[in-house]
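Residues per chain, in single letters:
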Protein chains: 4
Amino acid sequence: MRKQNVPASVKDERLIELRRNQMIKGAVSLFKEKGFHRTTTREIAKASGFSIGTLYEYIRKKEDVLYLVCDRIYDQVRDRLKKDIGTKCGNTESLKYAISSYFKVMDEMQDEVLVMYQEAKSLSKEDLPYVLKKELEMVEMFEEILTSCVENGELSVGLKERKLIAHNIFVQGQMWGFRRWALQRLYTLEEYTDLQIQNVLEGLSKNPQNLKEGNE
Amino acid sequence: MRKQNVPASVKDERLIELRRNQMIKGAVSLFKEKGFHRTTTREIAKASGFSIGTLYEYIRKKEDVLYLVCDRIYDQVRDRLKKDIGTKCGNTESLKYAISSYFKVMDEMQDEVLVMYQEAKSLSKEDLPYVLKKELEMVEMFEEILTSCVENGELSVGLKERKLIAHNIFVQGQMWGFRRWALQRLYTLEEYTDLQIQNVLEGLSKNPQNLKEGNE
Amino acid sequence: MRKQNVPASVKDERLIELRRNQMIKGAVSLFKEKGFHRTTTREIAKASGFSIGTLYEYIRKKEDVLYLVCDRIYDQVRDRLKKDIGTKCGNTESLKYAISSYFKVMDEMQDEVLVMYQEAKSLSKEDLPYVLKKELEMVEMFEEILTSCVENGELSVGLKERKLIAHNIFVQGQMWGFRRWALQRLYTLEEYTDLQIQNVLEGLSKNPQNLKEGNE
Amino acid sequence: MRKQNVPASVKDERLIELRRNQMIKGAVSLFKEKGFHRTTTREIAKASGFSIGTLYEYIRKKEDVLYLVCDRIYDQVRDRLKKDIGTKCGNTESLKYAISSYFKVMDEMQDEVLVMYQEAKSLSKEDLPYVLKKELEMVEMFEEILTSCVENGELSVGLKERKLIAHNIFVQGQMWGFRRWALQRLYTLEEYTDLQIQNVLEGLSKNPQNLKEGNE
DNA sequence: CATGAATGAGCCTTCATTCAT
DNA sequence: CATGAATGAAGGCTCATTCAT
């Protein structure tokens, strides 16, 4: 599953894991506070609990830290999501549950997500696609649930629309974080969740015409 | 209503306008390419067609360029929008037209919008609210149309939901740009527009229950 | 008497005089506040009441302003001194008067004098000697009074010592200004003057041995 | 008693001492030649024998170099003085010795002292008082010797006059350096020393009236 | 493996000076 | 004569990265 690794000078895999955990933890809180560009490698090293020399034993370039951070955040979101909705079968009830669970994760990790959205563009041309792929995987989780709902007859939505709705759901989760300045003064998380679920489901439940553009 | 910030050393207002136009144009294309932080002031000056010394006759700090750019982008989007949908009365037809017009603007200005979304966080604590206010104004344009539709009986949506839908529309416009890597390989702009309009309207047209949580 | 002039582009001598007066006045207050190096030519122009372009019609380089300022300060001190003690004949009474008058001038112009002492080193290699010559002229005024006192028998001091005492008096006048942080919290100007006069005169009045090293 | 200011990024105290010594040595010779403002940080680094980056590992701002230089010069002068006259008991003989020793130091360090007098004003508002305090300490060394002479009956001078004479002595030492253009072409150091000692002592040795304004 | 001193390219910004109007 | 916009060399300072210990 690992695509592009960040090579380390150190060989001890256990140590690599340990140090990188420290590193990511320190870096996230710094990036949250001042962004990737305004954070220095020395600060990262200090926040990680080791020296600048040691930092460079586990990465090659500052950008590697960003990659590691993004990677970690995605994994965390995905793991949380998988754990919460993984085994559910695909009906509208489980869709509602998935959305609400996803929104909850996004609420808890809004700082991290914000960081990622603002700094992802600083990833190298090689790393970006890998990160985007992870994002797509998550969108596909929603798409799959929607497909199940179609298959079991609860909904009738074409493939293209399903894909779009999955994206919408995904973005609406992020919105809660990156538009917090507007949304979180208007709604509680519960209100927001209910309203968005309503928006998503209302149009889908009974409209057979949606199928007519379903196409592969 | 006009730029409350960014004083210039030069007195001639006409010149300021001219030079800042050059500056914004040059800066946007650079920010697009490499982001605000990776762009140097000298590059901005060169891309603007004048010397670094001259650049600093029209701004005080590098950050001012970013503010000017954001300010300009918002004004352009808003002006385009006002021109397109300004006089329309508020019915669902005009809502569709507004959305489709807005998406079109976002499509044309996707580079600029992308820049703004990735770099806005680099604005100073003082400038950010001013920029966010401009964004809210645009969201409110959609909210007003929705309200008109409610008033003329075409739709029945509560205030809170109306606000949320306005945000959704707004973000869906941006999505087209900042998720282009996923969306633009799945849909044409027209498809995307139609599907999103459908999503927005389907749930609203006939469902009187929406009103029950309408509250002021 | 004019040694090295600062050339101006402007021909009208009356105008040159006027503009340079404005300039010196503005510059002195700026130099007082922030020193020569930290003062910009634009600031000088503004404080002088005209534009930066006009400033450069009356000087060639920023340094010229410093020269003009130093020149002016010396002239003022010397004129004041000449006026006060010029016609007095040379006895110890007139020496006391001269010292006390000189100290009074230095008290009134302490800011200006401070400026000169701190910034004179920034004068060009060509201008400095000219300024130092002016200083020597003033030292010589004290020397001459001392010589008169010797000639009329009131004092008996050799030439070399007379020269040194003249320097001492001169420096003691400056001290009052540039060591104000220490002296002016210990003495009033009158106390300071009386004590220093006492110091100077006591050793001189009755000690014939001083003459033995008097030599021409 | 030691440097309360100027933090370094480097931890090794021995290294700090070493590097700062290099730095001060290089900086003094540059300041001598062209003054603080005309000396660039890069020049200081080069004259110190290391890179600009390393320079900034040991200071925070250019101004810190000036502070370090002033601090060092004072310490050197004071240490020399303490070593030379430290144990002497306070009689007129030891006063003569102290003056002559002090003048000798000032002769040897005239470049450094000149630098300090011309550049001290560029010190920050916080550093200046600290430097002035050091100067006062040295003045007080002379004052103490004078007081001893009064106490053992050799001299009769009031407190206020003692303080002034101490200042006079101190300034006369500096004069030798900063008025070298005039004095050193008139006198040898020995002549200058003898004449000034004579000036100082003559008025003091036998004049009981001085005491009448002795006051605490 | 860990450390942290050293490096220097490169950034933002200032400001003396010029010159067309 | 007066103006002030334009210029660009130069300065202070930062920080990612390396490497000897």
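This one's a predicted model, so the numbers in the text were calculated from it and none came from an experiment. (Residues numbered from 1 in each chain as written. Chains lettered and ligands numbered in written order. Predicted model: local features only at pLDDT ≥ 70, side-chain atom pairs only at ≥ 80, totals over all residues. Heavy atoms only, no water.)

Asks: Hey, could you run me through the overall build of chain A in this one?
Replies: When helices and strands are tallied, chain A shows 10 helices and 0 strands. If you list the helices and strands of chain A from N to C, you get α-α-α-α-α-α-α-α-α-α. With the C-alpha coordinates aligned to their principal axes, the bounding extent of chain A is approximately 65 × 40 × 30 Å. Among the 216 residues that make up chain A, the fraction classed as buried is 55%. Considering only residue pairs separated by 6 or more positions, chain A has 74% of its internal contacts joining residues 24 or more positions apart. Side chains of chain A give 35 positive and 34 negative charges; the mean places of these two sets differ by 5 Å. (Helix = DSSP H or I, 4+ residues; strand = E, 2+ residues; numbered from the N terminus. Buried < 20%, exposed > 50% of the residue type's maximum accessible area, 1.4 Å probe, protein only. Contact = heavy atoms within 4.5 Å. Lys, Arg positive; Asp, Glu negative; His and termini not counted. Charge placed at Lys NZ, Arg CZ, Asp CG, Glu CD.)

Asks: Looking at this model, I keep getting lost on the protein's contact with DNA strand F. Mind explaining?
Replies: Taken together, 41 residues lie around DNA strand F, and Arg19, Thr54 and Tyr58 of chain B together with Arg42 and Tyr56 of chain D are the ones closest in. Atoms of DNA strand F within 4 Å of the protein belong to the sugar or the phosphate in 62% of instances, the rest to bases. Separating a phosphate oxygen of DNA strand F from a backbone N or O atom of Ser51 of chain B is a distance of 3.3 Å. At the level of secondary structure, the elements contributing two or more residues to the surface near DNA strand F comprise α2 (41–48) and α3 (52–58) of chain A, α1 (13–38) and α3 (52–58) of chain B, α1 (13–34) and α3 (52–58) of chain C together with α2 (41–48) and α3 (52–58) of chain D. Here the surface near DNA strand F is composed, by residue class, of 14 nonpolar, 13 polar and 14 charged. (Near = heavy atom within 4 Å. Polar contact = N/O pair within 3.5 Å; in protein donor to acceptor, adjacent residues only side chain to side chain. Nonpolar A, V, L, I, M, F, W, Y, C, P; charged D, E, K, R; others polar.)

Asks: I keep staring at the interface of chain A and chain B and nothing clicks. Help me out?
Replies: When the parts come together, some accessible area is lost, and that loss is often what is quoted as the size of the interface. Across the contact, 43 residues belong to chain A and 44 residues belong to chain B. Summed over both sides, the interface between chain A and chain B buries roughly 3800 Å², with carbon and sulfur atoms accounting for 53% of that surface. Among the residues chain A hides against chain B, the three largest losses belong to Leu164, Arg179 and Trp181 of chain A. Together they make up 15% of the total. Linking Arg179 of chain A and Glu135 of chain B is a salt bridge whose minimum nitrogen-to-oxygen distance equals 2.3 Å. Along the contact surface separating chain A from chain B lie 17 residue pairs in polar contact (both at pLDDT 80 or more). (Buried area = accessible area lost by both parts, 1.4 Å probe. Salt bridge = Lys/Arg side-chain N within 4 Å of Asp/Glu carboxyl O.)

Asks: Sorry if this is basic, but what is going on with α2 of chain A here?
Replies: What sets the pattern is the α-helix's 3.6 residues per turn: residues three or four places apart point alike. Residues and elements named next belong to chain A. Among the residues making up α2, those that are buried are Thr41, Ile44, Ala45 and Ser48. Down the axis of α2, the smallest arc covering the buried residues is 100 degrees, so these residues share one side. For α2, the exposed residues lying more than 90 degrees away from the buried face are Arg42 and Lys46. Looking at the packing, one finds that the buried side of α2 touches α1 (13–38), α3 and α4 (62–85). Taken from the residues just after α2, Gly49 is the one with a positive phi, measuring 95 degrees. (Arc of directions from axis to C-beta.)

Asks: Help me understand the protein's contact with DNA strand E in this model?
Replies: Inspection of the region around DNA strand E gives 41 residues, with Tyr56 of chain B, Thr41 of chain C together with Arg19, Gly53 and Tyr58 of chain D positioned closest. In the environment of DNA strand E, a phosphate oxygen lies 2.8 Å from a nitrogen or oxygen atom belonging to the side chain of Arg19 of chain A. Tyr56 of chain B places a side-chain nitrogen or oxygen 2.4 Å from a phosphate oxygen of DNA strand E.

Asks: Help me out: how do you make sense of the relation of the copies chain A and chain B in this one?
Replies: Copy one and copy two of the chain differ by a rotation about a common axis and a shift along it. Aligned on chain B, chain A shows an RMSD of 0.3 Å; the corresponding rotation is 179 degrees and the shift along the axis is 0.1 Å. As the rotation angle and translation indicate, the two copies are arranged about a two-fold axis. Of all interface residues in chain A, 100% are interface residues in chain B too; the two copies therefore contact each other through one and the same surface. (Least-squares fit on C-alpha atoms with pLDDT ≥ 70 in both.)

Asks: Quick question: what am I supposed to make of the packing of aromatic side chains here?
Replies: Both the distance between ring centres and the angle between the ring planes are used here to describe each pair of aromatic rings. One pass over the structure, following the stated rule, counts 38 aromatic pairs over all chains. For the pair Tyr187 of chain B and Tyr192 of chain B, a centre-to-centre distance of 6.4 Å together with 45 degrees between the ring planes defines the contact as tilted. Residues Tyr187 of chain B and Tyr192 of chain B agree in their burial class; the two are buried. Each ring, one from Tyr102 of chain C and one from Phe170 of chain C, has its centre 5.6 Å from the other, and the planes form 15 degrees; the classification is stacked. Of this pair, Tyr102 of chain C sits in helix α5 (residues 92–108) while Phe170 of chain C sits in helix α8 (residues 159–178), and the two are 68 residues apart along the sequence. Like Tyr102 of chain C, the residue Phe170 of chain C is buried in the burial classification. One cation-aromatic arrangement involves Lys62 of chain D over Phe36 of chain D; the distance from NZ or CZ to the ring centre is 4.5 Å. (Phe/Tyr/Trp six-rings, centres within 6.5 Å; stacked < 30°, edge-to-face > 60°. Lys NZ or Arg CZ within 6 Å of the ring centre and 35° of its normal.)

Asks: Teacher, can you tell me more about the arrangement of the chains here?
Replies: Taking C-alpha atoms as the reference, chain A and chain C come no closer than 30 Å and do not contact one another. Nowhere do chain B and chain D come into contact; their C-alpha atoms are at least 21 Å apart.

Asks: Got a minute to help me understand the UniProt feature "DNA-binding region" (unreviewed entry) in chain A in this structure?
Replies: Look at the UniProt record and you will see "DNA-binding region" (unreviewed entry) annotated at residues 40–59 of chain A. For residues 40–59 of chain A, helix accounts for 75% and strand for 0%, while the C-alpha atoms at its two ends are 14 Å apart. (UniProt positions renumbered as here; feature names shortened; annotations may be inferred.)

Asks: Where do I start with the side chain of Glu63 of chain B in this structure?
Replies: Here Glu63 of chain B lies in helix α4 (residues 62–85). Residue classification places Glu63 of chain B among the buried residues on the basis of a relative accessible area of 17%. In this view, Glu63 of chain B contacts Arg38 of chain A together with Phe36, Ser122, Leu123 and Ser124 of chain B; residues no more than four positions away in its chain are not counted.

Asks: Whenever I open this one, the UniProt feature "domain: HTH tetR-type" (unreviewed entry) in chain A confuses me. Can you help?
Replies: Per the UniProt annotation, the sites labelled "domain: HTH tetR-type" (unreviewed entry) are residues 17–77 of chain A. Secondary structure across residues 17–77 of chain A divides into 87% helix and 0% strand, with the first and last C-alpha atoms of the span separated by 19 Å.

Asks: What exactly am I supposed to notice about the pattern of salt bridges here?
Replies: Proximity of charged atoms lets side chains of opposite charge pair with each other. Counted according to the given criterion, the structure contains 74 salt bridges over all chains. Residues Lys32 of chain A and Asp111 of chain A are paired through a salt bridge, measuring 4.0 Å at the closest nitrogen-oxygen approach. With Lys32 of chain A in helix α1 and Asp111 of chain A in helix α6 (residues 110–119), the pair connects residues that are 79 residues apart, well separated along the chain. A relative accessible area of 30% means that Asp111 of chain A is categorised as partly exposed. Measuring nitrogen to oxygen at the nearest pair gives 2.9 Å for the salt bridge that ties Asp71 of chain B to Lys134 of chain B. Here Asp71 of chain B, found in helix α4, pairs with Lys134 of chain B, found in helix α7 (residues 127–151); they are 63 residues apart in sequence, far enough to count as distant. According to the relative accessible area criterion, Asp71 of chain B is buried, its value standing at 5%.

Asks: For this particular structure, what's the right way to read the interface of chain C and chain D?
Replies: On the side of chain D, 44 residues touch chain C, which itself brings 43 residues to the contact. Between chain C and chain D lies a buried interface of about 3800 Å² when both sides are counted; carbon and sulfur atoms form 53% of it. On the chain C side of the interface with chain D, the three residues burying the most area are Leu164, Arg179 and Trp181 of chain C, jointly 15% of the side's total. At the junction of chain C with chain D, the criterion picks out 7 salt bridges.

Asks: Explain the relation of the copies chain C and chain D to me, please; I cannot follow it from the model alone.
Replies: When chain C is fitted onto chain D, the two copies agree to an RMSD of 0.2 Å after a turn of 179 degrees and an axial shift of 0.1 Å. Both copies contact each other with a shared surface, as 100% of the interface residues of chain C are interface residues in chain D too.

Asks: Explanation requested: the confidence of the model for chain A in the structure shown.
Replies: The predicted coordinates ought not to be read in detail in places where the model reports low pLDDT. Overall, the predicted model of chain A reaches an average pLDDT of 88, with 91% of residues at or above 70. pLDDT under 50 marks residues 207–216 of chain A. Its contacts with residues more than four places away, or in other chains, come to 20 contacts. (pLDDT = per-residue confidence, 0-100.)

Asks: Just to check I follow, could you spell out the packing of α1 of chain A against α2 of chain A for this structure?
Replies: The relative placement of two packed helices comes down to the angle between their axes together with the axis-to-axis distance. Residue and element names in this part refer to chain A. The geometry of α1 relative to α2 is characterised by a closest axis approach of 8 Å and an angle of 145 degrees between their N-to-C directions. Considering the relative orientation of α1 and α2, their crossing is right-handed. Contacts between α1 and α2 involve Gln22, Met23, Gly26, Ala27, Leu30, Phe31, Lys34 and Arg38 from the first element and Glu43, Ile44, Ala47 and Ser48 from the second. Residue classes in the contact of α1 with α2 are distributed as 6 nonpolar, 3 polar and 3 charged. (Axes fitted to C-alpha atoms, helices over the stretch in contact; angles between N-to-C directions. Left-handed = near helix turned anticlockwise from the far one by under 90°.)

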